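Secondary and tertiary structure notes
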Amino acid sequence: MNARVRADGQPVNLEVTFRVQAIGTDWEADTEQPLPEKVRGRICSVTEDFDHVWSRFRAYSPVTRIARAEGGGRFEFPARDLAPFELYDRLVVATDGAVDPLIGRDLELLGYDARYSLVPDTAALVHRRRDRWLSDIHRDGTTIASDRPTVIDVGAAGKGYLVDLVSQTLNEEGIDRFFVDASGDMRHRGAAAVRVGLEHPRAPGRVIGTVNLRDGSLCASATTRRAWGAGLHHVLDGRTRPVADVVATWVLAADAATADGLATALFVSEPASLRSFEFSWVRILADGRVQWSDNFDGDLLI
C-alpha cells in the first residue's frame, strides 16, 4: 500500500511512532504522539503471544501439537480467540469449504513448510485424503478435539485478527486515533477518512486506484506474493489446489479479521455467496478484468 492522505487531500495528522516485526512481516502503528514504552511492550506481547498460539512453525504451539497428535486429542486455545473460530465457521459454510483452515497439510506438501523447502511433494498431494474443518475437527468454544493429526493454518484471516488485537490494545490504552498497517492489512480509527492506494499486484509502487478508509479496516491479498513456482502460491482453494482465476483482492469491513478472511474468500467464491457479510470489495481476475462492488468508496484507475 502506498502513502496515505486524508480523503479531502490534506496530510494525515499521524506519524509512524512504532515499528515492529511480527509473524514474519513489518508492522507500523501511526499515532498523534509517540507510544509510551508500556504500550509498545503490550503490543509486542500481543503479537508474540499470537505467534506462540497460532504458528504452525513453532514447536510447542497448540497448532503444532494438533498436527503431531497421532491419536488426536483435546486442545485448549485462549478464550479471547473465540472470534476467529466463529469467523472460520462462517467462511467455510459461505464458500462451501473453499476457505478452510485445515489446508495446512496441503501447504506443507506444496513446499510451504516449516523448513521453507519450496519443493512440492506431488505424489503425496495426489494420494492425500483432504481434511475438512466441519467434519475432521470438533469444536466446543475454544476447545478443539481431533481424531488424528490435522494441520491448521489461519493465513486466510489470522493477520487481520492480529491487527484487531493490536488495535484493541491501543483502544484500551486510551488512544482513539491511530492507523495500524501490517504490510497491507490495515485498521483505522479517527474522524477524518484516509485515502489509501491499492497497489498493483504485478507492479510494486504503482496503484490501480484509491479507497477512502474511516473507522474500519482494509485488507489485501495477491497470488504474486509468497509465490515459489509456476502456479505455486499461498492462496489455496480448500477443495482443489492453488487458485488461478483471481490475482488480487481488496476488502473493506468493520474489523480486519473479517476483511482479511473475505479477501481470501473472493479468490475462491463469487461475491454473491458472501452476502451474509457486510463489506465492499475490488478484485483483479487473471484475464486482467477488474471487478468491484456497488458500495466501493474509492476511485479506480484501470
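Note that the structure is predicted; figures quoted are calculated from it, not measured. Within each chain, residue numbers correspond to sequence positions counted from 1 in written order. The predicted origin of the model limits local features to residues at a pLDDT of at least 70 and limits the giving and counting of side-chain atom pairs to 80 or more, whereas totals for whole chains, interfaces and linings rest on all residues. Values reported for side chains reflect all heavy atoms of the structure, with hydrogen atoms and water molecules removed beforehand.

Any Lys or Arg side-chain nitrogen found within 4 Å of a carboxyl oxygen on Asp or Glu counts as a salt bridge. The final tally for this structure, using the stated rule, is 21 salt bridges. In this structure, Glu108 and Arg105 form a salt bridge, with 3.0 Å as the shortest nitrogen-oxygen distance. Remark: Arg105 and Glu108 occur in helix α4 (residues 104-109); sequence separation between them is three residues, near one turn of the helix. Taken together, the salt bridges that share partners define one network made up of Lys38, Arg42, Glu172 and Glu173. Per the convention used, a helix needs a DSSP run of H or I reaching at least four residues, while a strand needs a run of E reaching at least two, with both numbered from the N terminus.

Another point: empty space enclosed by the protein. Detection works on a 1 Å grid of protein atoms alone, calling trapped sets that fit a 1.4 Å probe cavities and calling open sets with protein on both sides within 12 Å along at least five of seven lines pockets, with lining residues defined by an atom within 4 Å of a point. Grid points are joined across faces, edges and corners, and a volume is the space filled by probe spheres set on the points. Evaluated as defined, the whole model comprises five cavities of 30 Å³ or more. Put simply, the largest cavity is a space of about 70 Å³. For the largest cavity, the lining is made up of ten residues, of which Ala220, Ser221, Ala222, Arg225 and Trp250 are closest to its centre. For the lining of the largest cavity, the secondary-structure elements that each account for two or more residues are β11 (217-222) and β14 (246-253). Only Asp, Glu, Lys and Arg are considered charged, only Ala, Val, Leu, Ile, Met, Phe, Trp, Tyr, Cys and Pro nonpolar, and every remaining residue, Gly among them, polar. When its residues are assigned to classes, the lining of the largest cavity shows six nonpolar, two polar and two charged. For the second largest cavity, the calculated volume is near 60 Å³. Looking at the lining of the second largest cavity, the element that brings in the most residues is helix α3 (residues 82-94), giving three residues. For the lining of the second largest cavity, the class distribution of residues is nine nonpolar, one polar and no charged.

Turning our attention to the pairing of strand β10 (residues 207-213). In this analysis, strands are considered paired if DSSP registers two or more bridges between them. Here strand β9 (residues 194-199) runs beside β10; their pairing, made up of six bridges, is antiparallel. Opposite Leu198, over in β10, you have Gly209 as the bridge partner.

It is worth spelling out the confidence of the model for the protein at this point. Looking at the protein, pLDDT values average 88 and 89% of them are 70 or higher. For every residue, the predictor states its confidence as a pLDDT score lying anywhere from 0 to 100. Any pair of residues with heavy atoms lying within 4.5 Å of one another is described as a contacting pair. Below a pLDDT of 50 lies the segment residues 5-11, which in the model reaches 15 contacts outside its immediate sequence neighbourhood of four places, other chains included.

This paragraph deals with the sheet that holds strand β4 (residues 73-76). Across the sheet, three strands lie side by side as β4-β6-β5; this open sheet has antiparallel pairing. In this open sheet, the two strands that pair with only one neighbour each are β4 and β5 (137-140). Taken pair by pair, the neighbouring strands of this sheet meet at an average axis angle of 25°, ignoring direction. With axes taken as lines fitted to C-alpha atoms, and helix axes fitted only over the stretch in contact, angles between N-to-C directions fall between 0 and 180 degrees.

Let us now look at helix α1 (residues 37-54). Expected helix span is given by 1.5 Å per residue-to-residue step, counting one fewer step than there are residues. Taking 1.5 Å per residue as the helical rise, α1 with its 18 residues ought to reach 26 Å, and the 26 Å between its terminal C-alpha atoms agrees with that figure. Tucked inside the fold, the buried residues of α1 contact β2 (15-22), α2 (62-68), α3 and α7 (158-172).

Once that is clear, we can look at unusual backbone geometry. Even without glycine at this site, Ile23 takes up a positive phi of about 45°. Mapped onto the elements, Ile23 comes out in the loop between β2 and β3 (25-31).

Before going further, it helps to spend a moment on the packing of aromatic side chains. Planes of paired rings set the category: under 30 degrees apart is stacked, over 60 is edge-to-face and the rest tilted, where pairs are Phe, Tyr or Trp rings (Trp by its six-membered ring) whose centres lie within 6.5 Å. By the definition in use, this model includes five aromatic pairs. Between the aromatic rings of Phe77 and Phe85, the centroid separation amounts to 5.3 Å while the plane-to-plane angle is 90°, which identifies the pairing as edge-to-face. When sorted by exposure, Phe77 lands in the same class as Phe85, which is buried. Among the aromatic residues, those joined into a ring-pair cluster are Trp54, Phe77, Phe85 and Trp133. The cut-offs for exposure are 20% and 50% of the maximum accessible area for each residue type, with area from a 1.4 Å probe on protein chains only; residues under the lower value are buried, those over the upper are exposed, and the others partly exposed.

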